[in-house]
Amino acid sequence: MPPDDLNITAAKLRQQLAAQLAAGDSLRSPQWRTAVEDVPRHEFLRQFYTENLGPGVTSWTPISSELVGAAEWLTIAYSDQTLVTQFDGRPLDWNDPNPVSNANPTSSSTLPSLVVRMLEDLDVHDDMTVLELGTGTGYSTALLCHRLGDKNVTSIETDRDVADRARIALASCGYYPRLLTEDGRHGYAGPSPYDRTIATYGVRSVPAAWVKQTRPGGLIVTTLRGWMRSLGLVRLTVDGDGRAEGPFIAADPSFMIARQQAAPANMGMIPAPDDGKTRETTLGREALSMPDSGFVAQVVMPNARHFTMRDDSGIESTYVLDAENDSFAVLTQQGDDTWTVRQGGPSALWDDLEEAISLWHAADSPPPTGFGVSVTPDDQRVWLGSPDGPSWTLPK
Ligand SMILES: C[S@@+](CC[C@H](N)C(=O)[O-])C[C@H]1O[C@@H](n2cnc3c(N)ncnc32)[C@H](O)[C@@H]1O
């Protein structure tokens, strides 16, 4: 496609994407709409992978102008989907691109509706300064530069290859924000305090540096997540003295976890058949996987993961294992609504979950947006209903 045609097609697709995002409730302000209409997402996505939908093992297909033609490449680059640009922290060979499966995406351009929803939630005003964690392709960084000016934007990416590509793409669009390549959990004190801090990867708890480097009254928008699932998006107001507080504002976004906080490869010790104490319970294993009780389970058992397997006699049990302290709970179904749980180790994982689930039921079982987070220099707590309500500690 000749360059002029390509630019005209891309501009039209941007208009369509902006209209689509505005029709949903993600894009709400004229300033961000102009940014979506102006910033060429395709410049940040010369090559990427799309996820193949369907049952079975998740797999991804490589996409570039050379592979699928310019029109198809542009159409996908301006679709509202997450486009993956790296797996397992390794560079991709674009001289011989192959479909990918059994891999873990480690960098991407997040789906635009989520990007702009988070930017809207960040509630920026002209001339504000922003610290962005997780530069990725640089697309969201470019939107910030468009809205606030390069000098007000600092963005940190932990992966050198990813950071280098983002720097080149940003420069090709005329954006020169302050870019750093390091572990974003330490933030960057240089031009702090920032008015706003936003993270595009999930963290197990809010890094103290982000709270310290955001001005009192400023906002932090980030996703919290654990090793079982994402907890959701929080918006915290910083209160000075290392404190911040605010509600979960969305349950669904699931960002990749900070590289340095990936779940340990070893899930923990599988208990021997006669380890632990057994009792009956009415709380079955679906409590771990249902959307809202699963949130409670992730909050209560931050270091746990679970899997289901059959023993030699064919009886199926779900093993919940705490990777940090070797506590365990093994659930086995006895009847339609009855289960036994065998627990051992320093924490009684299922007792703790049962207690939290009854508190949650007593509060009318709210969705994750009925919870919030308080951060102090000493600890971080997820609370139910209000900061004075029942609460659970997030991992350090
Ligand atoms: C979902 S992608 C970023 C999307 C990006 N904002 C965009 O629009 O393209 C998340 C990025 O966070 C980066 N990341 C993960 N852990 C990090 C850390 N500790 N510090 C900085 N970046 C990190 C990943 O390498 C990845 O590029």
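Source: prediction; values computed, not measured. (Residues numbered from 1 in each chain as written. Predicted model: local features only at pLDDT ≥ 70, side-chain atom pairs only at ≥ 80, totals over all residues. Heavy atoms only, no water.)

1. Concerning the packing of aromatic side chains
Under the definition given, this model contains eight aromatic pairs. Between Phe-307 and Tyr-319 the ring centres are 5.3 Å apart and the planes differ by 5 degrees, which places this aromatic pair in the stacked class. Here Tyr-319 lies in strand β15 (residues 316-322) and Phe-307 lies in strand β14 (residues 304-310), a separation of twelve residues in the sequence. Put simply, the rings of Tyr-49, Trp-60, Phe-87 and Trp-94 pair up and form one aromatic cluster. Arg-41 extends its terminal NZ or CZ atom over the ring of Tyr-139, reaching a point 5.7 Å from the ring centre. A cation over a ring is seen here: Arg-204 above Trp-227, with NZ or CZ 3.7 Å from the ring centre. (Phe/Tyr/Trp six-rings, centres within 6.5 Å; stacked < 30°, edge-to-face > 60°. Helix = DSSP H or I, 4+ residues; strand = E, 2+ residues; numbered from the N terminus. Lys NZ or Arg CZ within 6 Å of the ring centre and 35° of its normal.)

2. Focus: the domain arrangement of the protein chain
Per the domain assignment, the segments of the protein chain are domain 1 (3-95 + 106-250) and domain 2 (277-361). Each of domain 1 and domain 2 was reduced to a C-alpha centroid, and the two centroids are 36 Å apart. Carbon and sulfur atoms supply 66% of the area buried between domain 1 and domain 2, which totals about 920 Å² over both sides. Summed over the three residues of domain 1 that lose the most area to domain 2, namely Trp-227, Met-228 and Arg-229, the buried surface amounts to 69% of that side. Taken together, the connections running from domain 1 to domain 2 amount to zero salt bridges. Our enumeration of links across domain 1 and domain 2 arrives at five residue pairs in polar contact (both at pLDDT 80 or more). (Domains from an automatic or database assignment. Buried area = accessible area lost by both parts, 1.4 Å probe. Salt bridge = Lys/Arg side-chain N within 4 Å of Asp/Glu carboxyl O. Polar contact = N/O pair within 3.5 Å; in protein donor to acceptor, adjacent residues only side chain to side chain.)

3. Some details on the site of the ligand
By nearness alone, 25 residues border the ligand, and Ser-107, Thr-137, Ser-140, Glu-157 and Gly-184 come closest of all. A distance of 2.6 Å separates a nitrogen atom of the ligand from a polar side-chain atom of Ser-140. Interatomic distance of 2.9 Å between a side-chain N/O atom of Asp-183 and a nitrogen atom of the ligand. Across the complex, the protein chains shield 99% of the 610 Å² of accessible surface that the ligand would expose by itself. Counting residues per element, the ones that place at least two in the shell around the ligand are β5 (105-109), β7 (153-157) and β9 (194-203). With four residues, β5 is the largest single contributor of residues to the shell around the ligand. (Near = heavy atom within 4 Å. Areas by Shrake-Rupley, 256 points an atom, 1.4 Å probe, with all protein chains shown as cover.)

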